[in-house]
Amino acid sequence: EGGAELPVFASIEERSIETREGPWCQALGSDPKGYVVVQRRLDIGGEFHCASRMYLPATRFGRLLRLSRKRLADTNLKAVLAQEFAAPTLHSDGLAFLRPVQAPDAALIDVAAGTTVLQVHITGRSVGRVPITFQVMSVPPTRFALKLDFNPPGGG
């Protein structure tokens, strides 16, 4: 709304392998090793919290599970993918939904399970427009506007 953007601080809540089917499968394609899931809590300038789950093909990005928590905290995961995996995010697009939040994300964003939140699905693509990430971000009701900028850092 014309004011300064609030700073974003990320904390890693959990990293795991997901083998179940979900929208990440359609976005990323099949991976016999499953998908690395990096779940983070995003502190938005001390005003509110968002939940983020990023899915990545485990065959290519399984080493994310072994990187130190410190390496992944308060950093742009896209920068880590570019530096550690030679996988720059060159394009992203997303869809937004109004959905009831599930209990795990509700706890991260300090709302009751079932509260209607803005759920944003973002697919990140690398060289040759190959999809490398699928992010599900849950944003609670807030008085703040959400700036949706899908251009990667340094992108055009």
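This text follows the structure it describes.
Here's what I pulled together on the structure shown here. (Residues numbered from 1 in each chain as written. Predicted model: local features only at pLDDT ≥ 70, side-chain atom pairs only at ≥ 80, totals over all residues. Heavy atoms only, no water.)

1. Remarks on the sheet that holds strand S1 (residues 8-18)
- The sheet built from six strands is open, its strands ordered S1-S2-S3-S6-S5-S4 with antiparallel pairing. In the strand order of this sheet, the two ends are held by S1 and strand S4 (91-100), each with one partner. For this sheet, the mean inter-axis angle between neighbouring strands, taken without regard to orientation, is 20°. (Pairing = 2+ DSSP bridges. Helix = DSSP H or I, 4+ residues; strand = E, 2+ residues; numbered from the N terminus. Axes fitted to C-alpha atoms, helices over the stretch in contact; angles between N-to-C directions.)

2. Topic: the nonpolar core
- One finds Leu-56, Phe-61, Leu-64, Leu-72, Leu-81 and Phe-85 to be the most contacted residues of the largest nonpolar core, which totals 16 residues.
- Of all elements in the fold, only strand S2 (35-44), strand S3 (48-57), helix H2 (58-61) and helix H4 (77-85) reach the threshold of two or more residues within this core.
- Broken down by element, the residue count for this core peaks at four residues, all from H4.
- Residue contacts for Phe-61: discarding those within four places in its chain leaves Val-36, Leu-56, Leu-81, Phe-85, Ala-87 and Ile-132.
- Within the second largest apolar cluster, nine residues are counted, among which are Ala-10, Ile-44, Cys-50 and Val-120. (Core = buried A, V, L, I, M, F, W, Y, C linked by side-chain atoms within 4.5 Å. Buried < 20%, exposed > 50% of the residue type's maximum accessible area, 1.4 Å probe, protein only. Contact = heavy atoms within 4.5 Å.)

3. Details of the packing of aromatic side chains
- In the structure shown here, the tally under the stated rule is four aromatic pairs.
- Note on Trp-24 and Tyr-55: the rings are 4.1 Å apart at their centroids and 5° apart in plane angle, and the pair reads as stacked. Of this pair, Trp-24 sits in helix H1 (residues 23-28) while Tyr-55 sits in strand S3, and the two are 31 residues apart along the sequence. Across the pair, Tyr-55 and Trp-24 agree in class, each one buried.
- A connected cluster of aromatic rings, assembled from ring pairs, spans Trp-24, Tyr-55 and Phe-134.
- Seen from the ring of Phe-97, Arg-99 lies directly overhead, with NZ or CZ sitting 3.9 Å from the centre. (Phe/Tyr/Trp six-rings, centres within 6.5 Å; stacked < 30°, edge-to-face > 60°. Lys NZ or Arg CZ within 6 Å of the ring centre and 35° of its normal.)

4. Describing the pattern of salt bridges
- Following the criterion strictly, the structure yields seven salt bridges and no others.
- Here Arg-20 and Glu-18 are joined by a salt bridge, their closest N and O atoms 2.9 Å apart.
- Among the salt bridges present, the one from Glu-84 reaches Arg-63, with a minimum N-O distance of 3.4 Å. A residue pair is termed long-range when its members are at least 10 positions apart, and Glu-84 in helix H4 and Arg-63 in the loop between H2 and helix H3 (69-72) qualify at 21 residues.
- Overall, Arg-63 belongs to the partly exposed group, its relative accessible area being 31%.
- Where salt bridges share partners, they join Arg-63, Arg-71 and Glu-84 into one cluster. (Salt bridge = Lys/Arg side-chain N within 4 Å of Asp/Glu carboxyl O.)

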